Amino acid sequence: MKYVIINGSPRKKNTWAVVKQVMKNLEGEFEEIHLMKEKIPMCNGCFRCIMEGEDKCPHFEKISPIVEKIRQSDAIILASPVYAMNVSAILKNFFDHTAYLYHRPEFFDKKAMVCVTTAGAGQKKVANYIDETLRHWGVNKVFKIAIACGGKDSLETDKVDSLVSKFAKDAESHKLSNPKFMDIVFFNVWKAMALSDDPLEADKEYWFKTGLVNHDFSPAVKLSIVKKAFSKALSFILRRVIR
Ligand SMILES: Cc1cc2nc3c(=O)[nH]c(=O)nc-3n(C[C@H](O)[C@H](O)[C@H](O)COP(=O)(O)O)c2cc1C
């Protein structure tokens, strides 16, 4: 199993202690990416990744190897401390550089483990935000550890260990879960946009090149009958709304 670790903490302390505990319970290869060391310039809001293609981002040389490592992995471990009730700025900057993945999701076969630490507040909200971002990337299933350290050095390892073993079992099985209804909604919104009369060119190219335009969801993921019907009905409606 290949795990890619994206560390959004500028230092290796509380959040890294959780990541280390997670690693202790997993078997496989680990590729560590410490965003602080990557020195990714701030997203300058040029829209080029979204409109023209991710390779047109002025920081493509920095972002592309990280995205490639995610592509080569079986599962992602994504970690952040809570900063001012949100993710760290370095992680948010990385997420901003991957906003094009909302339009062109590709990680349908990936599982993820989110690790968030805080002094006292915001851990659930931040873990949920990271979960939401990963699902927009297409990630199939997200597990979450959200811990308030409250000045203590100790972790509730029982809770961490049992969740990690569920994550490991799921990732190692390579079985893909039925997506949530919201995942199907977003899939169909982007698909309808790619099929519209006035599509964003980079999106259109991606949706046609991958063949995703012809599917109710990523073909790698088996939909239940109900979700298949839901996706078809939604696609029918959205094709008429988004022209
Ligand atoms: C700039 C900054 C902002 C923070 N904001 C919050 C916050 O909003 N709520 C909170 O409970 N803790 C906050 N904290 C505390 C950290 O979330 C907490 O200490 C975390 O475990 C640090 O992780 P690290 O050791 O990986 O840096 C903040 C810490 C820093 C440095």
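Residues numbered from 1 in each chain as written. Predicted model: local features only at pLDDT ≥ 70, side-chain atom pairs only at ≥ 80, totals over all residues. Heavy atoms only, no water.

Draft legend 1. Here's a closer look at empty space enclosed by the protein. Under the definition given, this model contains one cavity of 30 Å³ or more. One number sums up the size of the largest cavity: a volume of about 40 Å³. Along its surface, the largest cavity is lined by D74, D109, K111, A171, H174 and L176. Of the residues assigned to the lining of the largest cavity, the class counts are two nonpolar, one polar and three charged. (1 Å grid on protein atoms, 1.4 Å probe; cavity = no way out; pocket = protein on both sides within 12 Å on 5 of 7 lines; lining within 4 Å. Points joined across faces, edges and corners; volume = space filled by probe spheres on them. Nonpolar A, V, L, I, M, F, W, Y, C, P; charged D, E, K, R; others polar.)

Draft legend 2. Representation of the packing of aromatic side chains. Across all of its chains, the model carries 12 aromatic pairs by this definition. For the ring pair Y3 and F167, a centre distance of 6.0 Å and an interplane angle of 50° mean the geometry is tilted. Of this pair, Y3 sits in strand β1 (residues 2–7) while F167 sits in helix α8 (residues 157–173), and the two are 164 residues apart along the sequence. The same class applies to Y3 and to F167, which are both buried. Between F187 and F217 the ring centres are 5.1 Å apart and the planes differ by 40°, which places this aromatic pair in the tilted class. (Phe/Tyr/Trp six-rings, centres within 6.5 Å; stacked < 30°, edge-to-face > 60°. Helix = DSSP H or I, 4+ residues; strand = E, 2+ residues; numbered from the N terminus. Buried < 20%, exposed > 50% of the residue type's maximum accessible area, 1.4 Å probe, protein only.)

Draft legend 3. Spatial organisation of the site of the ligand. In the neighbourhood of the ligand, 15 residues make up the surrounding shell, with S9, T15, V82, T117 and T118 lying closest. In the environment of the ligand, an oxygen atom lies 2.8 Å from a nitrogen or oxygen atom belonging to the backbone of N14. At 2.9 Å from a nitrogen atom of the ligand is found a main-chain nitrogen or oxygen belonging to A84. Out of a free accessible area of 640 Å², the ligand has 70% covered by protein chains. Listing elements by their share of the shell around the ligand, those giving two or more residues are α1 (14–24) and β4 (111–118). Classifying every residue of the shell around the ligand gives seven nonpolar, six polar and two charged. (Near = heavy atom within 4 Å. Polar contact = N/O pair within 3.5 Å; in protein donor to acceptor, adjacent residues only side chain to side chain. Areas by Shrake-Rupley, 256 points an atom, 1.4 Å probe, with all protein chains shown as cover.)

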